[in-house]
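Okay, here's what each chain looks like letter by letter:
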Amino acid sequence: MSMPAIKAEATAVAIPSASPTAAAPVVTMTPKQAPRAEKYAKMAREAAVRIVPPLVVLALLMLFWELVCRRTGSTLPPPSKVFKDTKELILDPFFDNGGIDKGLFWHLSASLQRVAFGYSIAAIVGIALGTLVGQSVWAMRGLDPLFQVLRTIPPLAWLPLSLAAFRDGQPSAIFVIFITSVWPIIINTAVGIRNIPQDYRNVAAVVQLNPLEFFWKIMIPAAAPYIFTGLRIGIGLSWLAIVAAEMLIGGVGIGFFIWDAWNSSHISEIILALFYVGIIGFVLDRLIAGLAKIVTRGTALN
Amino acid sequence: MQAYLKLDHIDKTFTRGNATTEVLKDINLTIGKGEYVSIIGHSGCGKSTLLNIVAGLTDTTQGCVLLENREVNSPGPDRAVVFQNHSLLPWLTVYENVRLGVDKVFASTKTRAERDAWVMHNLNLVQMAHAKDKRPSEVSGGMKQRVGIARALAMEPKVLLLDEPFGALDALTRAHLQDSVMALHQKLGNTILMITHDVDEAVLLSDRIVMMTNGPSARIGEVLEVPLARPRKRLELATNPGYLKCRQRVLEFLYERHRFVEAA
């Protein structure tokens, strides 16, 4: 019983004598800056921590792939052969021999253009319809069941119908992109609008914002995190759909490039195209995520 | 006393499906210009509903709210609300949050430069001008509530409605903010209707305290005049017999005659 009491007394006595001496060096230390070299070393270390692990995994996978596919009779080419076969395509993506005999850049840009068109329309229509469904109970009752059924239809199932309607490959492909990516945008926007806190609506009511001001000043910023979730899912889906759609409609485009390579048994070209498709899909996703970050800055809820 | 804001025989019934709940029953209250009136009662007694009715955010079932002898039944900047949880828009800066209301209310009566000056003037009133470019998430809870007060004041409301404005704050910040509101009331002479569940706060700030009975069918149980001279000083009041008597009256009402019944 008496032991802790004595200890406590001892520390209590020790503190006042220790604190002035302890405080002095701290004050002199703070203004001193870390040396610049040390700062760069720290940045390099942080970068290395992020970059090295995926590189190691990639190298191991390549090695495994090489070992498995190098044997004679293997159906798929090893990475070394892929590189040898597609060296020209990699080094000169800009050639254009007319028709569909073009560099990969032209194929990819044609696909990206279709996605840009279809996706932009989907973004505008999706946000507008999502706002309507989120805001009006009757619109939700009327439209939501329809959306829930339509959104389950696979993208390619729309293609024959749109070909019949538009009688041309280009608008049909754009339509398929649109119809694929519009659903997540509608649904997420509607959820975002429905989740606007009553407080914000009260603020708008007291300030007497008119419906248009309410839309731009309250609804869109309040629902922005949800809207961007929808937009991100949408861009992913549209990039998934374009490759499949282009395989069927033909012409210039990365989807048809893959199909054409398969028909001519250029397996290495398919692998190269897949690599590009993956990278671009990743970049598109990052782009929308980056845009979301800029637009919704400071919108972390309360 | 001339009636400035008048609550005239207000009943409020909520209906959900077949179930109806009578929340407020025959509320009559007359508030004079420049008066500071608090409404106190246990939680769930319909205080906030009553404030929402005055703000026009909730409809009455019977009766009406008169402001300067004219009926008001929709929300508007003449009855600006300081919300319990500040309700600042998180994507706007402190300045923009205040500016939003100012731009609407003074759209035709003030120039752009005048509106800017008016926003800064109101931020200065609550000592928040230094944080004008910060976002709500970057300032403390007390500061957010200050901005909420500035936003409401900047609309030049006829009646300022405070919905438990200090409820979410720690005791020290609350005391500080109460002093600020008292000073603003002294300086600007606003008519203020405040909802609270804090007895000391009610006695310290109000000219009159309206005590509500427990719901359902809450009524005004008693109205207490607080005959303390202004400006009031928190420390001096602590031993002031008048203050203690008022406090006693409210406590008696809340904890003896209308004790909170959990089942109700």
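Scroll up to find the structure.
Definitions and limits used
- Residues numbered from 1 in each chain as written.
- Chains lettered and ligands numbered in written order.
- Predicted model: local features only at pLDDT ≥ 70, side-chain atom pairs only at ≥ 80, totals over all residues.
- Heavy atoms only, no water.
- Phe/Tyr/Trp six-rings, centres within 6.5 Å; stacked < 30°, edge-to-face > 60°.
- Helix = DSSP H or I, 4+ residues; strand = E, 2+ residues; numbered from the N terminus.
- Buried < 20%, exposed > 50% of the residue type's maximum accessible area, 1.4 Å probe, protein only.
- Salt bridge = Lys/Arg side-chain N within 4 Å of Asp/Glu carboxyl O.
- 1 Å grid on protein atoms, 1.4 Å probe; cavity = no way out; pocket = protein on both sides within 12 Å on 5 of 7 lines; lining within 4 Å.
- Points joined across faces, edges and corners; volume = space filled by probe spheres on them.
- Nonpolar A, V, L, I, M, F, W, Y, C, P; charged D, E, K, R; others polar.
- Axes fitted to C-alpha atoms, helices over the stretch in contact; angles between N-to-C directions.
- Parallel < 35°, antiparallel > 145°, perpendicular 65-115°, else oblique.
- Contact = heavy atoms within 4.5 Å.
- Pairing = 2+ DSSP bridges.
- Right-handed = clockwise from strand over helix to strand, strands pointing away.

### Some thoughts on the packing of aromatic side chains
This structure, assessed with the given rule, holds 10 aromatic pairs over all chains. On the numbers, 5.5 Å between centres and 50° between planes, the contact of A:Phe147 with A:Trp183 is tilted. Residue A:Phe147 is found in helix H5 (residues 137-150), and its partner A:Trp183 is found in helix H7 (residues 169-194); the two are separated by 36 residues along the sequence. Side by side, A:Phe147 and A:Trp183 carry an identical accessibility label, which is buried. Ring geometry for A:Tyr200 versus B:Trp91: centroids 5.5 Å apart, planes at 90°, classification edge-to-face. In this pair, A:Tyr200 is assigned in helix H8 (residues 198-207) and B:Trp91 in the loop between strand E6 (81-82) and helix H2 (94-105), connecting two distinct chains. Relative accessible area serves as the criterion here: at 4%, A:Tyr200 is assigned to the buried category.

### Describing the pattern of salt bridges
Residues and elements named next belong to chain B. Taken as a whole and assessed by the stated rule, the structure comprises 18 salt bridges over all chains. A salt bridge links Asp78 to Arg79, with the shortest nitrogen-to-oxygen separation between them at 3.3 Å. For Arg79, a relative accessible area of 2% puts it in the buried group.

### Points about unusual backbone geometry
Residue and element names in this part refer to chain B. A cis amide bond, omega -5°, links Arg230 with the succeeding residue Pro231. Structurally, the position occupied by Pro231 is in the loop between strand E10 (220-225) and helix H7 (234-237). The phi dihedral of His9 is positive, around 45°, even though this residue is not glycine. Classification of His9 by relative accessible area gives partly exposed; the value is 44%.

### A closer look at the layout of surface pockets
All names here are of chain A. Volume-wise, the largest pocket comes out at about 310 Å³. Along the walls of the largest pocket sit 13 residues, with Met62, Trp65, Val82, Ile271 and Phe275 positioned nearest its centre. Sorting the residues of the lining of the largest pocket by element identifies helix H2 (36-69), helix H3 (79-91) and helix H11 (267-295) as the ones contributing at least two each. Residues that form the lining of the largest pocket fall into these classes: 12 nonpolar, 1 polar and no charged.

### Quick notes on the packing of helix H4 (residues 104-135) of chain A against helix H10 (residues 254-263) of chain A
All names here are of chain A. Two elements in contact, H4 and H10, have axes separated by 7 Å at closest approach and are oriented at 130°. One way to sum up the angle between H4 and H10 is to call them oblique. Where H4 abuts H10, its residues Leu104, His107, Leu108 and Ser111 lie against Ile254, Gly255 and Phe257. In the contact of H4 with H10, the residues fall into 4 nonpolar, 3 polar and no charged.

### A word on the pairing of strand E8 (residues 191-196) of chain B
Residue and element names in this part refer to chain B. Counting buried residues in E8 gives 6 out of 6 residues, a clear majority hidden from the surface. Side-chain alternation along E8 places Thr191, Leu193 and Ile195 on one buried face and Ile192, Met194 and Thr196 on a second face that is also buried. For strand E3 (residues 36-40) and E8, the ladder comprises 5 bridges, and the chain directions are parallel. If you follow Ile40 over to E8, its bridge partner there is Thr196. In the sheet, strand E7 (residues 159-163) pairs with E8 via 5 bridges, with the strands oriented parallel. Looking at E8, one finds that Asp163 is bridged to Ile195. Of the crossover connections in this fold, the one passing from E7 over helix H5 (residues 171-188) to the parallel E8 is right-handed.

### Remarks on empty space enclosed by the protein
All names here are of chain B. In total, this model carries 2 cavities of 30 Å³ or more according to the counting rule given. Elements with a contribution of two residues or more to the lining of the largest cavity: helix H4 (141-154), E7 and H5. Examining the composition of the lining of the largest cavity, we find that 3 residues originate from one element, H5, more than from any other. Residue composition of the lining of the largest cavity, by class: 7 nonpolar, 2 polar and no charged. The volume enclosed by the second largest cavity comes to roughly 30 Å³. As for the second largest cavity, its lining consists of Val126, Arg146, Ile149, Leu177, Ser180, Val181 and Leu184. Listed by contribution, the elements that provide at least two residues to the lining of the second largest cavity are H4 and H5. Among the elements that line the lining of the second largest cavity, the one with the most residues is H5, at 4 residues.

### Section: H10(A)
All names here are of chain A. Here H10 has its buried residues at Ile254, Gly255, Phe256, Phe257, Ile258 and Ala261. Where H10 is buried, its residues contact H3, H4, helix H9 (211-249) and H11. Backbone geometry just downstream of H10 places Ser265 in the positive-phi region, at approximately 55°.

### So, the sheet that holds strand E2 (residues 19-31) of chain B
Residues and elements named next belong to chain B. Taken in spatial order, the 4 strands of this open sheet run E2-E1-E4-E5, and their pairing is antiparallel. Two strands close off the open sheet at either side, each with one partner strand: E2 and strand E5 (70-71). Note: strand E1 (residues 5-16) against E2, 9 bridges, orientation antiparallel. In the strand pairing of E2, Leu7 is matched with Leu29. Relative to E1, helix H1 (residues 47-55) is tilted by about 115°, and along the sheet it contacts E1, E2 and strand E4 (62-67).

### So, the sheet that holds E8(B)
Residue and element names in this part refer to chain B. Ordered by their spatial adjacency, 6 strands build an open sheet running E6-E7-E8-E3-E9-E10, and the pairing between neighbours is mixed. Each edge of the sheet is formed by a strand with only one pairing partner; in this case those strands are E6 and E10. Bridge count between E3 and strand E9 (residues 208-212): 4 bridges; the pairing is parallel. In the strand pairing of E9, Val37 is matched with Arg208.

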